[in-house]
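# Survey of secondary and tertiary structure
So the chains spell out like this:
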Amino acid sequence: MLLTQFGHVITLRYFFFDWMYEPDVRLHCVSGLPLRPIGAIWFFLYEFIIWISVISHLRSAFTNPGVVPPMAVPKEIPQQLVRDCKKCSYYWKPPRAHHCKTCNKCIFRMDHHCPWVNNCVGFYNQKYFMLFLLYTGLSALLTAGFMIAAGVMWLRLEQGKAHAEPLTFLACFCAFLEGLFFTFFTGDFLIEQIEGITLNQSTVETHQRKCGKQGTFLDNMRESFGPSLSIFWVLPTVPPVRANFYEPTFDAPDDGSDLSDSDSDLSTVSSDPLSSSEDPDDRESTHLSAHRAKSTVHSNTSRKRVAASS
C-alpha cells in the first residue's frame, strides 16, 4: 500500500497540480480546486478508485475470512464427510475448510494466507480481496498513464529540458515504473481469483485437485458477492451471504465434465494437502470412506458418459 500511495502523491503533485493547474478562479468547476474542468474530472475519478482500493484493503485485512467455530460433528453429516482437525483440538472440520498454520485456525474456503492484508483470504473476505486487486490495478494503470501524459506535455514545452529537475524526473519515472509493475502484478492475481470463481475452487483445493459443486460463473459469483447482480458487487459493502459448512468437495474434473448433478452425499473429502498454506500434518480421519465415495463418483460419471455416447 505504501508503494501505491507513493505513486498517488507523485501523480497529484506533478500531474494534476502542475499540468492541470488553473490559476483563474473563474474557470474552476469546483470551488477551492484549482484545476481545469478536464483535470477535475480525472481527479475525482482517480481519488474515487484510490479510496475504494484502500477501503477494500482494510476490509480484507480486518474481516473474518470464515473461521470455523469449534463444534462437534453434526449428526446429520454423512460418514464420509466426518473428519477432524488435529490442530484445533479435534473439532469437526468441514469438507471445504483448511487449517492455516499462520492463523492457527480452520478457514472455510481458504484460498491462501495473504501477507498483503496479513489475513487469510476465505469465504467472507474474498469479495473485498478481489475488489482490492481490481481497484489497485486500475489506480496503478492510471498512475502510469498520467506519468506518460506528464512526460509528453513536458517534452512539448519550449525549453522544457532547461526547467527540468533531476529529482522531479526521477520521482515521475519511478512512479511510472511502479504503476506499470502493479498493473501487471495485481492483474495476474485477479485473473487467478476469477479462474477460481469460475471453477468453484480455491488455491488450496487446486493443489489437492478438489473443487466445489460446479455451476455457472454467475452462480459462483453470487455465493461470494451476493445473490443479486447489482452495483454493490463492485463496492466494498457487506455481501448478504452465509457460509454452508456442509458443502461437499468433489474431484476436480480434468476433462471439463460437469459435477453439478452428482449426489452431494457421495462427495469426497480432501486428504494429505499439498499446499504450504495448510499444515501437512492435518490429515483426514476417514481415508477409506473417502476412497469409496471417490470410486462411486467416478462410476456415476462413467455411466453418464457411456449413456451420452450411445
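Rules used throughout
- Residues numbered from 1 in each chain as written.
- Predicted model: local features only at pLDDT ≥ 70, side-chain atom pairs only at ≥ 80, totals over all residues.
- Heavy atoms only, no water.
- Helix = DSSP H or I, 4+ residues; strand = E, 2+ residues; numbered from the N terminus.
- Buried < 20%, exposed > 50% of the residue type's maximum accessible area, 1.4 Å probe, protein only.
- Contact = heavy atoms within 4.5 Å.
- Areas by Shrake-Rupley, 256 points an atom, 1.4 Å probe, with all protein chains shown as cover.
- Expected span 1.5 Å × (residues − 1).
- Core = buried A, V, L, I, M, F, W, Y, C linked by side-chain atoms within 4.5 Å.
- Salt bridge = Lys/Arg side-chain N within 4 Å of Asp/Glu carboxyl O.
- Pairing = 2+ DSSP bridges.
- pLDDT = per-residue confidence, 0-100.
- Axes fitted to C-alpha atoms, helices over the stretch in contact; angles between N-to-C directions.
- Left-handed = near helix turned anticlockwise from the far one by under 90°.
- Nonpolar A, V, L, I, M, F, W, Y, C, P; charged D, E, K, R; others polar.

What follows is about the overall build of the chain. If you tally the helices and strands in the chain, you get eight helices and six strands. Taken from the N to the C terminus, the helices and strands of the chain come in the order α-α-β-β-β-β-α-α-α-α-β-α-β-α. Put simply, the chain has 310 residues, and 46% of those count as buried. In the chain, the share of contacts with a sequence separation of at least 24, taken over all contacts with a separation of at least 6, comes to 65%. With an accessible surface of roughly 16,700 Å², the chain has 63% of that area assigned to carbon and sulfur atoms.

What follows deals with helix H5 (residues 166-199). End to end, H5 covers 50 Å across 34 residues, agreeing with the expected 50 Å (1.5 Å per residue, within 8%). Of the residues one or two after H5, Asn200 is the one with positive phi, at around 55°.

What follows is about the nonpolar core. Counting residues in each nonpolar core, the largest one holds 24 residues, and the members touching the most others are Ile10, Phe15 and Phe16. Counting residues per element, the ones that place at least two in this core are helix H1 (2-19), helix H2 (37-62), helix H3 (126-156) and H5. Dropping the residues within four chain positions of it, Phe15 is found in contact with Ile10, Met20, Phe146, Met147, Ala149, Ala150 and Met153.

One pass over the full model with this rule turns up six salt bridges. Here Arg96 ties to Glu247 by a salt bridge, and the two come within 2.7 Å at their closest N and O atoms. With Arg96 in the loop between H2 and strand S1 (97-100) and Glu247 in the loop between helix H7 (217-225) and strand S6 (250-251), this pair connects stretches of sequence that are 151 residues apart. Glu247 carries the same exposure label as Arg96, and that label is buried. Its salt-bridge partner being Glu247, residue Arg109 comes within 2.8 Å of it at the nearest N-O pair. Separated by 138 residues along the polypeptide, Arg109 in the loop between strand S2 (105-108) and strand S3 (112-114) and Glu247 in the loop between H7 and S6 bring together distant segments of the chain. Within the structure, one salt-bridge network assembled from shared partners comprises Arg96, Arg109, Glu205, Glu223 and Glu247.

A separate point is the pairing of S1. Residues Ala97 and His99 point to one face of S1 and His98 and Cys100 to the other, with burial holding for every one of them. Bridge count for S1 against S2 is four bridges, and the pairing is antiparallel. When the bridges of S2 are listed, Cys100 appears paired with Lys105.

Before going further, it helps to spend a moment on the side chain of Thr11. Tracing the chain through its elements places Thr11 in helix H1. Here Thr11 falls in the buried class, since its relative accessible area comes to 0%. Among all residues touching Thr11, those that are not within four sequence positions of it are Phe16, Tyr46, Thr143, Phe146 and Met147.

Here we come to the environment of Ile38. For Ile38, the position within the fold is in helix H2. With a relative accessible area of 46%, Ile38 lands in the partly exposed category.

Confidence in the prediction of the chain, expressed as mean pLDDT, is 79, and 76% of residues score 70 or more. Least confident of the elements in the chain is helix H8 (residues 287-309), whose mean pLDDT is 39; most confident is strand S4 (residues 119-121), at 96. A low-confidence stretch, residues 260-310 (pLDDT under 50), is modelled with 93 contacts involving residues beyond four sequence positions or located in other chains.

Here we take up the packing of H1 against H3. Here H1 crosses H3 at 35°, and the two axes come no closer than 10 Å. The two elements H1 and H3 cross, and the hand of that crossing is left-handed. Within the contact between the two elements, H1 uses Thr4, Gly7, Ile10, Thr11, Tyr14, Phe15, Phe16 and Trp19 and H3 uses Thr136, Thr143, Phe146, Met147, Ala149, Ala150, Met153 and Trp154. Counted by class, the contact of H1 with H3 contains 11 nonpolar, five polar and no charged residues.

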